[in-house]
Amino acid sequence: LFQGSRPGVLLGTSIDQLNILLGDKLKGAVVLTHDESARHCRRLLNDYKLVYGVREAKGLEFKTVIILDFFREIPSSLQKPWRELVLGRATQDFEHIYPLVATFMKLLYTGVTRCIEKLFFVETKSSTAGDASMRWLTKQVSGRASYATRNSINDVEAMSMTSDEFISEGINNAELAQAAMDLDQSQMMLERSIWCFEQTDIIELAAKARIHYSSVLFRLEIQVTYDEKNSNDVAVIEMRAAQLMESLTKEGLFFEVLNIFSSVTAFLSEYAKEELEKRFIRKIQLAGREE
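Every chain is numbered independently, its residues counted from 1 as its sequence is written. pLDDT decides what is reported in this predicted model: residues at 70 or higher carry local features, side-chain atom pairs at 80 or more are listed and counted, and totals for whole chains, interfaces and linings draw on all residues regardless. The basis for every side-chain value is the complete set of non-hydrogen atoms in the structure, without hydrogens or water.

1. So, the overall build of the protein chain
Reasoning step 1: Starting at the N terminus, helices and strands are each numbered in turn, a helix being any DSSP run of H or I of at least four residues and a strand any DSSP run of E of at least two. A tally of regular secondary structure across the protein chain gives 12 helices and 6 strands.
Reasoning step 2: Over its C-alpha atoms the protein chain spans a radius of gyration of 24 Å, topping by over 25% the 19 Å that the globule rule assigns to 291 residues.
Reasoning step 3: Buried residues are those whose accessible area, probed at 1.4 Å on protein chains only, stays under 20% of the maximum for their type, while exposed residues exceed 50% and partly exposed ones sit between those limits. Within the protein chain, buried positions represent 44% of all 291 residues.
Reasoning step 4: Within the protein chain, residue pairs in contact and separated by at least 24 positions form 69% of the contacts whose partners lie at least 6 positions apart.
Reasoning step 5: Each accessible area is a Shrake-Rupley result for a 1.4 Å probe, and residues are judged covered by the shown protein chains and nothing else. Accessible surface computed for the protein chain: about 15,600 Å², of which carbon and sulfur atoms make up 50%.
Reasoning step 6: Only four residue types enter the charge count: Lys and Arg as positive, Asp and Glu as negative, with His and the chain ends excluded. Each charge is placed at NZ for Lys, CZ for Arg, CG for Asp and CD for Glu. Here the protein chain contributes 35 positively and 41 negatively charged side chains, and the mean placements of these two sets differ by 6 Å. The atom set for the radius of gyration is the C-alpha atoms, and the globule formula is 2.2 Å times the number of residues raised to the power 0.38. Residues count as neighbours in contact if any of their non-hydrogen atoms are within 4.5 Å of one another.

Next comes the structure, spelled out in structure tokens:
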């Protein structure tokens, strides 16, 4: 499924130990977990930016992947059925009785196939499904090596991404942020993008992503904070919108200039609207036609 050595299995690894790995030997590795747990997992890992839900990561590929607590977080009602399936003890009517097991199998397949080179299964605590899966993965059968190797923390060699790989991952997340329909999703993608760029010496890319990030935060803010009938709020919005649109234009982030303008139009006076259209929107539209 991927190039490189067999997957590594880390059992009983604490979150603190994983945090150390992600700050050193596994810096730049992507952590995949159940989508419902991704936000909580990100907080536990000191706001590590490269945490994805498995479904969220579908269609993406990463050099090094850690699948975190996948088996432990399988619902309790499926823990024993999963064990029976993994250990080859499932009955003929298994799929009919436990149809959800197939759903989690497909989810696991999606997670595993996000990896290009190095894959780790990390289970922080023992579980029925986890123990059986780890035993199956690391079991040697006559004439065949095990599917995975059991490792300790000290066995893990440095797997940090190169500068070029951090740049590539940063650009990838910035593009995903641009395409996202949900602003909260854009915010999260840009946080990842900024973090990746900060791991390199290309400060221009980090600066560009920060400006985009500031614009998304502003658009989120005006959804809940400002009143279009309050003159003080209107004045603040006009000023901040003009500043952001100028910064975005300098960085060539024309799509976000249009997003800002669309978001603040309801707050603008006719004069401010006309000035912003003249200074930014018409120039962008003209440049688009010339291309």
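2. What to know about the packing of helix H10 (residues 231-250) against helix H11 (residues 254-264)
Reasoning step 1: In contact at an axis separation of 8 Å, H10 and H11 are set at 170° when each is read in the N-to-C sense. Classed by the angle they form, the pair H10 and H11 counts as roughly antiparallel. Here H10 runs over H11; the crossing is left-handed. Judged by residue contacts, Ile237, Ala241, Leu244, Met245, Leu248 and Thr249 of H10 engage Phe254, Glu256, Val257, Ile260, Phe261 and Val264 from H11. Each axis is a line fitted through C-alpha atoms, and for a helix only the stretch in contact is used; angles between axes span 0 to 180 degrees, taken between their N-to-C directions. Roughly parallel means an angle under 35 degrees; roughly antiparallel, over 145; roughly perpendicular, 65 to 115; everything else is oblique. Note: crossing handedness is left-handed where the near helix turns anticlockwise from the far helix by less than a right angle, and right-handed where it turns clockwise.

3. Considering H11
Reasoning step 1: Buried residues of H11: Glu256, Val257, Ile260, Phe261 and Val264, and no others. For H11, the angular spread of the buried residues around the axis is 145°, confining them to a single face. The arc in question is the one spanned by the directions pointing from the helix axis to the C-beta atoms.

4. Remarks on helix H9 (residues 203-224)
Reasoning step 1: Helices are assigned an expected span. That span is 1.5 Å times one less than the residue count. Compared with the 32 Å implied by 1.5 Å per residue over 22 residues, the 32 Å span of H9 between its first and last C-alpha is a close match.
Reasoning step 2: All of the buried residues along H9 are Ala206, Ala209, Ile211, His212, Tyr213, Ser215, Val216, Phe218, Arg219, Leu220 and Ile222.

5. So, the packing of aromatic side chains
Reasoning step 1: Pairing of aromatic side chains here covers Phe, Tyr and the six-membered ring of Trp, requires ring centres within 6.5 Å, and sorts the geometry by plane angle: under 30 degrees stacked, over 60 edge-to-face, intermediate tilted. What the rule picks out here adds up to 9 aromatic pairs.
Reasoning step 2: When the centroid spacing of 5.4 Å and the interplanar angle of 75° are considered together, the rings of tyrosine 48 and tryptophan 195 count as edge-to-face. Remark: tryptophan 195 occurs in helix H8 (residues 183-198) and tyrosine 48 occurs in the loop between helix H2 (38-44) and strand S3 (51-53); sequence separation between them is 147 residues. Across the pair, tryptophan 195 and tyrosine 48 agree in class, each one buried.
Reasoning step 3: Here phenylalanine 70 and phenylalanine 71 contribute two aromatic rings whose centre-to-centre distance is 5.5 Å and whose plane-to-plane angle is 85°, an arrangement assigned as edge-to-face.

6. A look at the packing of H9 against H11
Reasoning step 1: It is at 10 Å that the axes of H9 and H11 come closest, and there the two elements cross at 15°. For the element pair H9 / H11, the angle class is roughly parallel. The chirality of how H9 crosses H11 is left-handed. Contact with H9, carried on its side by His212, Ser215, Val216, Phe218, Arg219 and Ile222, involves Phe255, Glu256, Asn259, Ile260, Ser263 and Val264 of H11 and no other residues of that element.
Reasoning step 2: Among the residues making up the contact of H9 with H11, the classes are represented as 6 nonpolar, 4 polar and 2 charged. Nonpolar residues are Ala, Val, Leu, Ile, Met, Phe, Trp, Tyr, Cys and Pro. Charged residues are Asp, Glu, Lys and Arg, and all others, Gly as well, are polar.

7. Considering the sheet that holds strand S2 (residues 30-33)
Reasoning step 1: Strand pairing is assigned whenever DSSP identifies at least 2 bridges connecting the two strands. On the basis of which strands lie adjacent, the open sheet formed by 6 strands has the order S3-S2-S4-S5-S1-S6 and parallel pairing. What marks the edges here is a single partner per strand, and that holds for S3 and strand S6 (149-150).
Reasoning step 2: In the packing of helix H6 (residues 128-138) onto the sheet, contacts are made with strand S1 (8-11), strand S5 (115-123) and S6, and the angle to S1 comes to roughly 145°.

8. Things to note about the side chain of threonine 124
Reasoning step 1: With respect to the helices and strands, threonine 124 occurs in the loop between S5 and H6.
Reasoning step 2: The exposure class assigned to threonine 124 is buried, which follows from its relative accessible area of 16%.
Reasoning step 3: Filtering out sequence-adjacent residues up to four positions away, threonine 124 remains in contact with Gly12, Thr13, Ile15, Leu68, Asp69 and Arg72.

9. Observations regarding the pattern of salt bridges
Reasoning step 1: What counts as a salt bridge is simple: a side-chain nitrogen of Lys or Arg found within 4 Å of a carboxyl oxygen of Asp or Glu. Enumeration according to the criterion identifies 15 salt bridges in this entry.
Reasoning step 2: Across the pair glutamate 221 and arginine 240 runs a salt bridge whose closest N-O atoms are separated by 3.2 Å. Within this pair, whereas glutamate 221 is found in helix H9, its partner arginine 240 is found in helix H10, the two being separated by 19 residues in sequence.
Reasoning step 3: Put simply, Asp35, Glu36 and Arg55 are held in one network by salt bridges that share partners.

10. Some thoughts on unusual backbone geometry
Reasoning step 1: Backbone geometry at asparagine 46 places phi at a positive 55°, although glycine is not the residue there.
Reasoning step 2: For asparagine 46, a relative accessible area of 60% translates into the label exposed.
Reasoning step 3: Even without being glycine, aspartate 69 reaches a positive phi, approximately 50°.
Reasoning step 4: Among the structural elements, aspartate 69 can be located in the loop between strand S4 (62-68) and helix H3 (76-86).

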